[in-house]
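Structure assessment
Each chain, written out:
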Amino acid sequence: MYNKMWHQTQEALNSLLNKESQNMIEPQKNQVFIFQMLATFYINYVQIFRNLENVYDQIVHPQKRILIRKILDGVMGRILELKNEMVELELSEFHYFDDILQDLKLAPQQLDIPIPKYFLKEKLEAIKEREKHLAQILVDIGLDMPHTKHTTKPIPLEEAVKSIQIAERARQGRLRALFMKQIYLQEYRAKQAKLLGDQVADTAAAAVRIQKVWRGFRECKKTERAREEEMVFLGMTPPPHFAEVSTPIRQAKKVDFLRSEVQMKHESDYREALVTIKDDLKLTEGPDIKDSLQDQIRHWFIECRNLTGTFPNYPEVEEGGSAIIFSNKTPEQVIDDSLKTQNEEEKKKKTKKKKEKKEKEKKGTNEKPKEEDEEWKMSPSLFLQPLEEGNNLYKDIWMNKDESWNFLQAYDPELIKEEKRKELESEIRIQVDELMRQELKNLKLAVNREKELPVKEKKKKGKSKGKNGKKGKRGKDKDLTADRTIESLYRELVEEGLLIQALKVNLSDYIGEYSYLGTTLRHLSIEPMPSLLDVRQLITLYGILPLGSATVHEKAPLVKSLLLAGPPGVGKKMLVHAICTETGANLFNLSAANIAGKYPGKSGLQMMLHVVFKVARHLQPSVVWIEDTEKTFYKKVPNTEKMNEPKRLKSQLPKLLKLLQPNDRILIVGTTQRPFDAELQSFCRVYEKIILVPRPDYASRYVLWKEIIQRKGGLITPALNISCLAKVTDGFTQGQIVEVVKGVLTERRIRHQSQKPLTSVEFITAMTSMSPVYKEEEESFKDWYAKTPLGRKRALALMFGGKEKEKSKGEATGTKEKKRK
């Protein structure tokens, strides 16, 4: 099944690479067409990525998994490149593909980018060990108080007996009261019967009355059942037992677990086979390879001597030795190449003089100013070549491979032999080069009686610059803690509270819905507020994928810093913890409130940042979190906060960002509730990507209410109107909704759901004491975002776009009037 899925995905990738190579050759001018093309590529790559991630997680063949992993990283990187292209084209972080999804017959949910499971699977043991170590340090210093279980104080036996007696007497009293109530009701009924007198019972009338009530009750139930069935048929309500986990799903989970065990077993067998097969090849084929290489090189010596009259110069070790000469070539081809190079050198000398004359003539003439190319061209990709290489490997090895013998999908020994033969040949070639280099010297002395002149050492470019050169700048950054171990620095950061334990929160817990009106609003020149799932997708693209994969982080468009801005309660802190949970990253807290009073002075600040980033680099991936980051960039520091020195990091953060290299998987994440209090210029200089986190819209609130109530143990019944709750709670944030659900759904309330179903009123009354996020506050965030560099570019683009539309409309109306005249 997964092999078939892989073959289908590779076919789709092959056709997509062909289309992309064709479109890259043809430059375009129409911006709408360019965006449609980029969006189509992006959506197709996302579909391929979803399939490949599933295949890589489930397939058990170790050699196939290596190739799939290579292609998977390439697809991830290409998605990030296309996203960057779309941002530069549309000047917005959020894009809407409703029309393209319609054409491709895809649902918006299929745009959701999954987080590869191997991010955590491959380093699960290391993460567990690190968490244990961190928990132990917290226990040692007494900071793990909320998580420790408080033991109850022992009480004397007499008090214990007394409390049990009180509880038992209360229980007996309740039972006695219930018994007395039953006696009272019996006596009351007897008195009423005496007052009314004995009436002759009419059995026929009683039977008719019973029948009437029963038939009415039965018809009501039938009508309710029919209505429920109709609603299920129409898709308005979920079918019964919809939330329950079915037996096939349970079985599938068991199969997944067993499959992961088989994966691990096959992987260990494959690693053992790499060593054993190489050793066997060394014994059996090693001597033959050595003899063939020596014969090949000797033949080259003799042929070159016969054709040129002299022995050739042997390539140095730095150049690659004889591997450069005989790379997939016969000795005859090597000799032809050497003759061609001699002829080419002579031609080059002649053409050099002609070029110099032409250059002198050109200097005299004034160059004409070049017209600006208005045509758009896609920026060069660093991932297309690895993708094409992976695709070609698939075609050469796996596309038409007969695997009928390998039912268990274990490793293929023949492929290992081919790979290890090349490795063995390169190892033996180094030994042979040393022998043949000496043999060539002897030949030259014996036959030509030539004395080898000493070769002058070439000056290295890097060393000539010395200390004052540009390359010496990196050496100025001294290691302030060279005499200390990483473990001791790690412990110090934990004790100071700068390295904290990330909460176990998955990104899928950030619940929301897509914005289905995004394209329509943009056609009307109205900038829509992003939906919660749009925000979640950006966190995946900018935060999780680069931190999870080292190859993607090195080659993809680099995002060093990220800012999450939004009102309180929209889930900014949760998203930071989700990044750490999904990638297994360390979390460093450099908030102004957290570093206040720690490492005082300029030297102390330098030491703190040095230790933090040294540990972050050594234990990467790492996230450096700055909560309430507007305090670091205050326009004017309030008098109450002057003692804390909130602006300590302001001048240091830009320098730290410059020092971060592509191989440093470190992400600086800032969260802010009041971005308008900060200096905009320095704020935007530090944070490369700014994501506006909004309050939830109606669709997101509906999904949120439903999911949170069910997760906390609530039952969704017709008595609970979720749509009404979503409508009434307009303006309230996710945090407030979660808080209300926790407060209403107590253990006692959950137990009484069968007798008393949940109603909307219970949740609405709990929300009356909370204040929502008003439209004015949301507008202030939008106005602030419009002042950021990307927001300003977007506003200018819309302004000029609107003027052009008006001009085109004016020209059209003018031509119509002329026709009328």
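An account of the accompanying structure is given in this report.

Conventions we followed
Residues numbered from 1 in each chain as written. Predicted model: local features only at pLDDT ≥ 70, side-chain atom pairs only at ≥ 80, totals over all residues. Heavy atoms only, no water. Helix = DSSP H or I, 4+ residues; strand = E, 2+ residues; numbered from the N terminus. Buried < 20%, exposed > 50% of the residue type's maximum accessible area, 1.4 Å probe, protein only. Contact = heavy atoms within 4.5 Å. Areas by Shrake-Rupley, 256 points an atom, 1.4 Å probe, with all protein chains shown as cover. Patch = residues over 30% accessible without salt bridge, like charges linked within 9 Å, V, L, I, M, F, W, Y side chains within 5 Å. Salt bridge = Lys/Arg side-chain N within 4 Å of Asp/Glu carboxyl O. Lys, Arg positive; Asp, Glu negative; His and termini not counted. Charge placed at Lys NZ, Arg CZ, Asp CG, Glu CD. Core = buried A, V, L, I, M, F, W, Y, C linked by side-chain atoms within 4.5 Å. Expected span 1.5 Å × (residues − 1). Pairing = 2+ DSSP bridges. Phe/Tyr/Trp six-rings, centres within 6.5 Å; stacked < 30°, edge-to-face > 60°. Lys NZ or Arg CZ within 6 Å of the ring centre and 35° of its normal. Axes fitted to C-alpha atoms, helices over the stretch in contact; angles between N-to-C directions. Parallel < 35°, antiparallel > 145°, perpendicular 65-115°, else oblique. Left-handed = near helix turned anticlockwise from the far one by under 90°.

As for the overall build of the chain
Each helix and strand in the chain was counted, giving 31 helices and six strands. The buried share among the 821 residues of the chain stands at 38%. Counted over contacts in the chain with a minimum sequence separation of 6, partners at least 24 positions apart contribute 84%. For the chain, the exposed area adds up to about 52700 Å²; of that, 55% sits on carbon and sulfur atoms.

A short note on a positive patch on the surface
Side chains of Arg215, Arg218, Lys221, Lys222 and Arg225 sit close together on the surface and give a patch of like positive charge. In this structure Arg225 comes out as partly exposed when scored by relative accessible area, which is 46%.

Quick word on the nonpolar core
Within the largest apolar cluster, 82 residues are counted, with the highest numbers of intra-cluster contacts made by Tyr42, Tyr45, Val75 and Phe97. Looking at this core element by element, the count peaks at 15 residues for helix α2 (residues 31-58). Among all residues touching Phe97, those that are not within four sequence positions of it are Phe35, Ala39, Tyr42, Ile43, Met86, Leu111 and Thr519. Grouped together as the second largest cluster of nonpolar side chains are 44 residues, Phe613, Val686, Tyr687 and Phe781 included.

Remarks on helix α3 (residues 62-90)
Under the 1.5 Å per step criterion, the end-to-end length of α3 is 42 Å for 29 residues, consistent within 8% with the ideal 42 Å. Here α3 lies mainly inside the structure; 24 of its 29 residues are buried. Residue Leu91 follows α3 closely and has a positive phi angle near 55°.

Regarding the pairing of strand β2 (residues 561-565)
Every regular strand shows the same layout, with side chains that alternate between the two sheet faces. Burial analysis of β2 places five of its five residues in the buried class, the great majority of the element. Of the two faces of β2, the one holding Ser561, Leu563 and Ala565 and the one holding Leu562 and Leu564 are both buried throughout. Sheet analysis places β2 next to strand β5 (residues 666-672), joined by five bridges and oriented parallel. Across the sheet, the residue bridging to Leu562 is Val669, located in β5. In the sheet, β2 pairs with strand β6 (residues 689-692) via four bridges, with the strands oriented parallel.

Re the packing of aromatic side chains
Under the counting rule described, the total for this entry stands at 15 aromatic pairs. Taking the centre distance of 5.6 Å and the plane angle of 65° together, the rings of Trp705 and Phe763 count as edge-to-face. Within this pair, whereas Trp705 is found in helix α25 (residues 698-711), its partner Phe763 is found in helix α29 (residues 760-767), the two being separated by 58 residues in sequence. Judged by relative accessible area, Phe763 falls into the buried class, the value being 0%. Joined through ring pairs, the aromatic side chains of Phe633, Phe683, Tyr687 and Trp784 make up one cluster. We note Lys727 situated over the ring of Tyr698; from NZ or CZ to the ring centre the distance is 5.9 Å.

So, the pairing of strand β4 (residues 622-627)
For β4, a buried count of five out of six residues is recorded, marking the element as mostly surrounded by other parts of the structure. Pairing analysis gives four bridges linking strand β3 (residues 586-589) to β4, with the strands arranged parallel. Pairing of Leu587 across the sheet is with Val623, part of β4. Bridge count for β4 against β5 is six bridges, and the pairing is parallel. From the neighbouring strand, Trp625 faces β5, where its bridge partner is Val669.

Here we look at the side chain of Asn586
Looking at the secondary structure, you find Asn586 in strand β3. Not counting chain neighbours up to four residues away, the residues in contact with Asn586 comprise Arg130, Tyr490, Cys580, Leu619, Pro621, Ser622 and Val623.

A short note on a nonpolar patch on the surface
A grouping of Tyr184, Leu185 and Tyr188 is seen on the molecular surface, where their side chains present a nonpolar patch of about 320 Å² in accessible area. Assignment of secondary structure puts Leu185 in helix α7 (residues 157-196). Given a relative accessible area of 33%, Leu185 falls into the partly exposed group.

Describing the packing of helix α18 (residues 532-548) against helix α20 (residues 572-583)
Two packed helices can be described by the angle between their axes and the distance between those axes. In contact at an axis separation of 10 Å, α18 and α20 are set at 40° when each is read in the N-to-C sense. Relative to α20, the element α18 lies oblique. Relative to α20, the crossing made by α18 is right-handed. Taken together, the residues of α20 that come into contact with α18 (itself represented by Val535, Ile539, Ile544, Leu547 and Gly548) are Leu575, Ile579, Glu582 and Thr583.

Quick look at the sheet that holds β3
Reading across from one edge, β1-β3-β4-β5-β2-β6 is the order of the six strands in this open sheet, with mixed pairing throughout. The sheet terminates laterally at β1 (499-500) and β6, the two strands that pair on one side only. As judged from the two bridges shared by β1 and β3, these two strands associate in the antiparallel manner. The partner of Ile500 across the bridge, within β3, is Leu587. On the sheet, α20 packs against β2, β3, β4 and β5 and is oriented at approximately 165° with respect to β4.

Some details on the side chain of Lys614
Tracing the sequence through the fold places Lys614 in helix α22 (residues 601-618). Sequence-distant contacts of Lys614, defined by excluding residues within four places in its chain, comprise Asp479, Thr481, Ala482, Arg484, Ile486 and Leu489.

What to know about the pattern of salt bridges
If you walk through the whole model with that rule in mind, you get 35 salt bridges. Residue Arg536 is joined to Asp112 by a salt bridge in which the shortest nitrogen-to-oxygen separation is 3.2 Å. Of this pair, Arg536 sits in helix α18 while Asp112 sits in the loop between α4 (98-104) and α5 (118-121), and the two are 424 residues apart along the sequence. With a relative accessible area of 25%, Asp112 lands in the partly exposed category. Arg298 is paired through a salt bridge with Glu439; the nearest N and O atoms lie 2.8 Å apart. Separated by 141 residues along the polypeptide, Arg298 in helix α10 (residues 286-308) and Glu439 in helix α14 (residues 413-448) bring together distant segments of the chain. For Glu439, a relative accessible area of 23% gives the class partly exposed. One network of salt bridges, with partners in common, ties together Glu90, Arg522, Glu527 and Arg794.

None of this, on its own, says anything about what the molecule does.
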